[in-house]
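Overview (structure and organization)
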Amino acid sequence: MRNVLMAAAAALFLTSLAACDFVRFPGDGGPTPETPDAGPAIPPGAPGPPPPEVDESDLDTPVETPPEETPVEPGTDAPADGVTPDPVDATEEPETPPVEVPVDVPPADPAPDVTEPVPEPEPPVVETPPVAPVFSYVAPGALLAGTGSGFGEQVVHAPDMVFPIKSAPAVLQSQVFSFGGGVAGGDQCDARNFAAAWRDNFCETRSANRTTPFCPVAKIHQGQDIRVGTADDCKTLRKQTQAERGLHEVVAVEDGIISSIGTYTVKLRGDGRIYNYMHLNMSRLAVTAGQTVKAGDLLGYVSNDFGGTPTTLHLHFEILQNSAEHGWVHVPPYLSLVSAYERRENAPGEMLEPQIGVASVEETFVIPEGYEIIE
């Protein structure tokens with residue numbers, strides 16, 4: 001806009017110079033200038049002189065229009081910015097700012113824990129103390145010195161059988177070569193008999209011609225002798241008649257049938273095995289021949305019946321199995337009885353290891369020449 005005005009002023013100045021002969025300045029000493037004739041008057045409505053030419057490039061610049069001044073009445077203050085505010089309508093209510101209504105915003109999820117988890121300490125290992133053995137036993141086949149040649153490589157032939165004595169304590173040992181026996185002499189109720197370690201007496205020397213492929217020689221003992229109860233029990237039974245004896249219960253070692261009853265033998269036929277019980281109180285048997293029994297059923301009571309032949313108070317126990325090579329044969333019952341007693345007592349036995357290089361204090365028995373051992 002400024003350029004336009006300056007161009008218009010310059011054009012007007014040049015026009016004025018064209019209408020004058022010369023330009024005079026006050027005090028220049030020249031003649032008094034004459035005023036040129038204005039010429040004929042321009043009638044009303046006639047066009048005036050042409051407008052000055054305008055540079056088209058100046059038209060791109062917008063013309064700023066100054067703001068109109070608002071007249072100020074006397075006694076009032078003019079606004080500082082020169083602009084009169086709009087009159088306020090007294091009836092118009094002031095605008096109420098919007099009320100912010102609280103919105104229940106669910107709590108943000110906690111930031112994930114980026115720290116590595118600390119492993120929980122492992123619970124302490126509680127070691128169960130070993131159960132103390134309730135009895136001790138000598139290795140299978142280790143017979144008393146001088147009493148025969150045992151069979152050492154034994155196995156458990158009846159792994160699930162019940163111990164033949166229901167609840168009384170028991171000791172497996174020879175009845176001929178221990179206190180009260182025919183060779184050893186002494187009293188069968190000696191307390192040492194009931195405190196001794198268990199010992200195998202399968203294959204022990206006998207006078208009768210009995211045999212089994214599990215013994216290295218003939219004329220042997222085909223079962224295992226079991227002393228039952230305590231020394232005091234022994235003394236009590238010894239005072240009773242044979243018909244009265246009923247202190248210690250003898251039970252079936254497995255399910256089966258009572259196949260036969262002899263003078264001093266009860267035979268139980270089980271699943272693939274035959275069990276012989278000897279020296280029970282035959283006058284107080286709890287079973288009859290042909291009767292079916294379950295493991296643990298009462299068969300009779302410990303005594304010393306032997307068809308009139310004297311023997312000690314004990315149970316003679318045998319196991320027979322059918323083999324393809326030899327048919328029905330006697331097998332070593334020692335380890336089967338050890339395992340069954342451990343199950344009954346719910347506690348282990350302790351096998352005594354031979355002490356290498358230590359002289360044995362056991363007596364070596366010498367069977368008198370011509371002495372007959374029947375039991």
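Scanning the chain for helices and strands turns up 4 helices and 12 strands. Contacts spanning at least 24 positions in sequence make up 69% of the contacts within the chain whose residues lie at least 6 apart. Per element, the accessible surface of the chain, about 24,800 Å² overall, is 57% carbon and sulfur.

A few words on helix 3 (residues 231-239). For helix 3, every residue scored as buried is listed here: Ala231, Asp233, Cys234 and Leu237. All buried residues of helix 3 project into a common sector of 155° when viewed along the axis, lining one side. Turned more than 90 degrees from where helix 3 packs its buried face, Asp232 and Lys239 sit exposed. If you follow the buried residues of helix 3, they end up packed against helix 2 (191-195).

Moving on: the packing of aromatic side chains. Evaluation of the coordinates by the stated rule reveals 12 aromatic pairs. Between Phe163 and Tyr341, the aromatic rings sit 4.9 Å apart at their centres with planes inclined by 65°, giving edge-to-face as the arrangement. In this pair, Phe163 is assigned in the loop between strand 1 (135-138) and strand 2 (170-172) and Tyr341 in helix 4 (residues 334-345), connecting sequence segments 178 residues apart. We note that Phe163, like Tyr341, is buried. In this arrangement the basic side chain of Arg192 is found over the ring face of Phe179, its NZ or CZ atom lying 4.0 Å from the centre.

Moving on to the confidence of the model for the chain. On average, residues of the chain score 83 in pLDDT, and 68% of them reach the 70 mark or higher. When the criterion is pLDDT under 50, residues 16-23 qualifies, and its contacts beyond four places in sequence or with other chains add up to 2 contacts.

This part covers the nonpolar core. Ranked by internal contacts, the top residues of the largest apolar core, which has 38 residues, are Met161, Phe163, Trp198, Tyr275, Tyr277 and Phe317. For this core, the element with the highest residue contribution is helix 4, accounting for 6 residues. Counting residues in each nonpolar core, the second largest holds 6 residues, with Ala231, Cys234, Leu237 and Leu313 among its members.

Here strand 5 (residues 256-261) pairs with strand 6 (residues 265-269) via 4 bridges, running antiparallel. In the sheet register, Ile261 faces strand 6, and the bridge partner there is Val266. Between strand 5 and strand 6, which pair antiparallel in sequence order, lie 3 residues. Following strand 6, the chain reverses through 3 residues before pairing antiparallel with strand 7 (residues 273-278); Gly272 in that reversal takes a positive phi of roughly 80°.

Before going further, it helps to spend a moment on helix 4. Along its 12 residues, helix 4 runs 17 Å from first to last C-alpha, staying within 8% of the 16 Å computed at 1.5 Å per residue. Three or more residues of helix 4 are buried, namely Tyr334, Leu335, Ser336, Leu337, Val338, Ser339, Ala340 and Tyr341. The inward-facing, buried residues of helix 4 contact strand 1, strand 2, strand 3 (224-228) and strand 10 (315-323).

Here we come to the pattern of salt bridges. Following the criterion strictly, the structure yields 7 salt bridges and no others. The salt bridge partner of Lys294 is Asp255, with a shortest N-O separation of 3.9 Å. With a gap of 39 residues between them, Lys294 in the loop between strand 8 (292-293) and strand 9 (298-301) and Asp255 in the loop between strand 4 (249-251) and strand 5 connect regions that are remote in the sequence. Lys294 sits in the exposed class, given a relative accessible area of 51%. Owing to a relative accessible area of 40%, Asp255 belongs among the partly exposed residues under this scheme. Among the salt bridges present, the one from Arg344 reaches Glu345, with a minimum N-O distance of 2.7 Å.

This next bit is on unusual backbone geometry. You will see that Cys203, though not glycine, has its phi angle at about 85°, which is positive. Residue position: Cys203 is located in the loop between helix 2 and strand 3. On the basis of relative accessible area, Cys203 is assigned to the buried category, the value being 1%.

Rules and cut-offs
- Residues numbered from 1 in each chain as written.
- Predicted model: local features only at pLDDT ≥ 70, side-chain atom pairs only at ≥ 80, totals over all residues.
- Heavy atoms only, no water.
- Helix = DSSP H or I, 4+ residues; strand = E, 2+ residues; numbered from the N terminus.
- Contact = heavy atoms within 4.5 Å.
- Areas by Shrake-Rupley, 256 points an atom, 1.4 Å probe, with all protein chains shown as cover.
- Buried < 20%, exposed > 50% of the residue type's maximum accessible area, 1.4 Å probe, protein only.
- Arc of directions from axis to C-beta.
- Phe/Tyr/Trp six-rings, centres within 6.5 Å; stacked < 30°, edge-to-face > 60°.
- Lys NZ or Arg CZ within 6 Å of the ring centre and 35° of its normal.
- pLDDT = per-residue confidence, 0-100.
- Core = buried A, V, L, I, M, F, W, Y, C linked by side-chain atoms within 4.5 Å.
- Pairing = 2+ DSSP bridges.
- Expected span 1.5 Å × (residues − 1).
- Salt bridge = Lys/Arg side-chain N within 4 Å of Asp/Glu carboxyl O.

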